[in-house]
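What follows is the residue order along each chain.
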Amino acid sequence: MNRVLVEKRPAGTTSPVTPAVPRLVAWAVLAGAGLTVLALVAMLLRRLPTGSRLAGWTYPYDRAAGEWHVVWPAFVVAPVALGLLWLSRRLPERFDGAVVAGWFLAVIPLQLLLRVYALPSLGDIVASDRANSFYSPSQRWGIGEFMGNYMGLVEQLPPHARTNMPGKTLLYFLLDALGLGPAAMGVAVLALANVSAVLLWLIVRDLTGDRRIALYALVLGLFLPGVLYFAPVLNAVSPVPILLALWLHVRFLKTHRYGYALGLGGALYLVVFFEALPLVLGIVFAALLGVALRQRTLSWRDTLRLVGSALAGFAACYVAMRGLFGYDLFDNFAYVLADANDFNARWRPYGMWVTRNLWYLALAAGIASCVLLAAATWDAVRSRSAHPAAVLTLSGVAVLIVLDLWGINRGETVRLWIFLAVYLQIAAAWLCARTERLWPAAVVLSAAVLQAGIGSAMIGFVRI
């Protein structure tokens with residue numbers, strides 16, 4: 001059991017699990033499913049909003065209105081996924097590791113089937129400088145030359161590689177070292193993106209001790225529409241470093257072991273080196289730390305150890321990269337941030353996207369999951385819940401508010417907020433887990449599968 005957020009939880013703050021479906025859960029699930037169906041019909045008829053020319057960004061439709069045949073992959077995948085979910089719930093706790101491994105292996109062919117009508121193939125996306133600028137530099141330079149003179153080469157890089165941190169390009173150096181071609185690299189990136197769902201399972205399981213919430217978070221994370229729209233574009237992988245860091249943070253809060261804090265520092269370096277935007281999830285880190293201090297499962301001395309060890313881990317990575325390649329993370333980050341601010345100031349009006357971004361988050365996270373997020377947030381505030389999932393939900397909503405009002409992302413939110421869309425599945429999982437009945441989770445999962453399959457077929461989220 002979790003010594004941070006379970007043993008010290010005040011009486012009456014747990015969310016009861018009942019055979020019946022609570023009214024809040026039933027209404028939220030049915031509303032989410034109904035809105036998903038309406039959105040998908042609008043998508044098939046090319047009526048669903050997919051951006052704004054006036055606001056500076058739009059996703060074009062790739063298919064003519066009324067191509068209803070594109071729905072069949074989702075109708076094949078959904079029953080298989082529901083069967084696996086039913087089986088996973090029935091297996092004893094000692095098989096949990098095997099359940100996660102089984103999902104990780106089984107989901108890849110299901111994801112590929114959902115993308116069967118997506119017009120750019122995985123290999124074409126990998127090789128395209130327009131869609132994915134990180135592959136071609138790995139073919140042009142050696143890793144030592146690339147990192148050793150990165151700031152000197154950056155202006156020669158294709159657009160996305162030039163305006164991103166170099167960790168994404170280095171991933172293709174590693175995949176190339178494995179001897180993979182572009183098509184195989186695309187599958188490998190999809191598999192790597194699925195690691196985020198496994199990390200979500202670890203975080204939820206460690207914090208709540210609830211197998212059902214953890215399982216639902218895993219499965220919803222594996223069928224996240226935003227990931228399937230964009231993989232193998234590397235924003236699909238962006239949740240992995242920050243969720244790794246969050247899991248290491250949770251492990252330190254539970255065990256107080258230095259190794260986890262040192263690893264946390266290294267993971268935070270990786271976050272910045274790959275994509276710095278997910279650092280906004282630091283609000284969640286702070287919330288969990290605050291709860292641990294309030295419940296006195298962590299002392300201020302332990303907090304200083306955490307901060308000091310994490311800084312040491314980060315500094316060790318910084319010094320290693322500076323010593324090996326002469327690479328300065330902070331100089332690179334300042335360059336990327338300045339470019340992003342300049343681009344937004346010239347092309348994307350803040351006032352329009354601060355509201356539109358929320359709609360496009362629903363396209364990434366799943367419309368049904370977002371309805372459940374709203375219901376879970378309202379319930380957590382109303383009941384003043386101290387359940388660990390309530391802490392994760394409310395801090396996640398705080399991240400969303402800060403990120404939206406900050407305005408660093410304007411347009412393309414379906415892609416850029418994938419890291420947040422993965423994390424916010426916790427709220428939907430928590431709500432569905434309040435009943436022993438399977439159907440609420442089954443409906444939300446089916447809605448996600450349908451949205452992922454039909455969206456991939458109808459809308460050109462990726463252009464090559």
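Just so it is clear, the model here is predicted, and its values are computed rather than measured.

Describing the environment of P159
Link 1 in the chain: Topologically, P159 is positioned in helix 8 (residues 159-162).
Link 2 in the chain: Residue P159 is classed as partly exposed on the basis of its relative accessible area of 49%.
Link 3 in the chain: In this structure the C-alpha to C-alpha distance between P159 and L372, which are 213 residues apart in sequence, comes to 37 Å.

What about the packing of aromatic side chains?
Pairs of aromatic rings are described using the distance from one ring centre to the other and the angle between the two planes.
Link 1 in the chain: Applying the stated criterion across every chain, the model contains 19 aromatic pairs.
Link 2 in the chain: Between F146 and Y150 the ring centres are 5.3 Å apart and the planes differ by 75 degrees, which places this aromatic pair in the edge-to-face class.
Link 3 in the chain: The exposure class of F146 is buried, given its relative accessible area of 0%.
Link 4 in the chain: Ring geometry for F146 versus F173: centroids 5.4 Å apart, planes at 50 degrees, classification tilted. Residue F146 is located in helix 6 (residues 143-148), and its partner F173 is located in helix 9 (residues 167-177); the two are separated by 27 residues in the primary sequence. The pair formed by F146 and F173 is uniform in burial state, with each residue classed as buried.
Link 5 in the chain: One aromatic cluster is present, built from ring pairs that chain together W141, F146, Y150, F173, Y269, F273, F314, Y318, Y327 and F330.
Link 6 in the chain: A cation over a ring is seen here: R434 above W430, with NZ or CZ 4.3 Å from the ring centre.

A short note on empty space enclosed by the protein
Link 1 in the chain: Going through the model one piece at a time under the given rule, you end up with three cavities of 30 Å³ or more.
Link 2 in the chain: Computed from the structure, the largest cavity encloses a volume of approximately 90 Å³.
Link 3 in the chain: A118, P120, Y229, S456 and I459 are the residues nearest the centre of the largest cavity, which is lined by 14 residues in total.
Link 4 in the chain: Among the elements of the structure, helix 12 (225-230) and helix 24 (439-458) are those that each provide at least two residues to the lining of the largest cavity.
Link 5 in the chain: In terms of residue class, the lining of the largest cavity is built from nine nonpolar, three polar and two charged.

Cut-offs and rules
Residues numbered from 1 in each chain as written. Predicted model: local features only at pLDDT ≥ 70, side-chain atom pairs only at ≥ 80, totals over all residues. Heavy atoms only, no water. Helix = DSSP H or I, 4+ residues; strand = E, 2+ residues; numbered from the N terminus. Buried < 20%, exposed > 50% of the residue type's maximum accessible area, 1.4 Å probe, protein only. Phe/Tyr/Trp six-rings, centres within 6.5 Å; stacked < 30°, edge-to-face > 60°. Lys NZ or Arg CZ within 6 Å of the ring centre and 35° of its normal. 1 Å grid on protein atoms, 1.4 Å probe; cavity = no way out; pocket = protein on both sides within 12 Å on 5 of 7 lines; lining within 4 Å. Points joined across faces, edges and corners; volume = space filled by probe spheres on them. Nonpolar A, V, L, I, M, F, W, Y, C, P; charged D, E, K, R; others polar.

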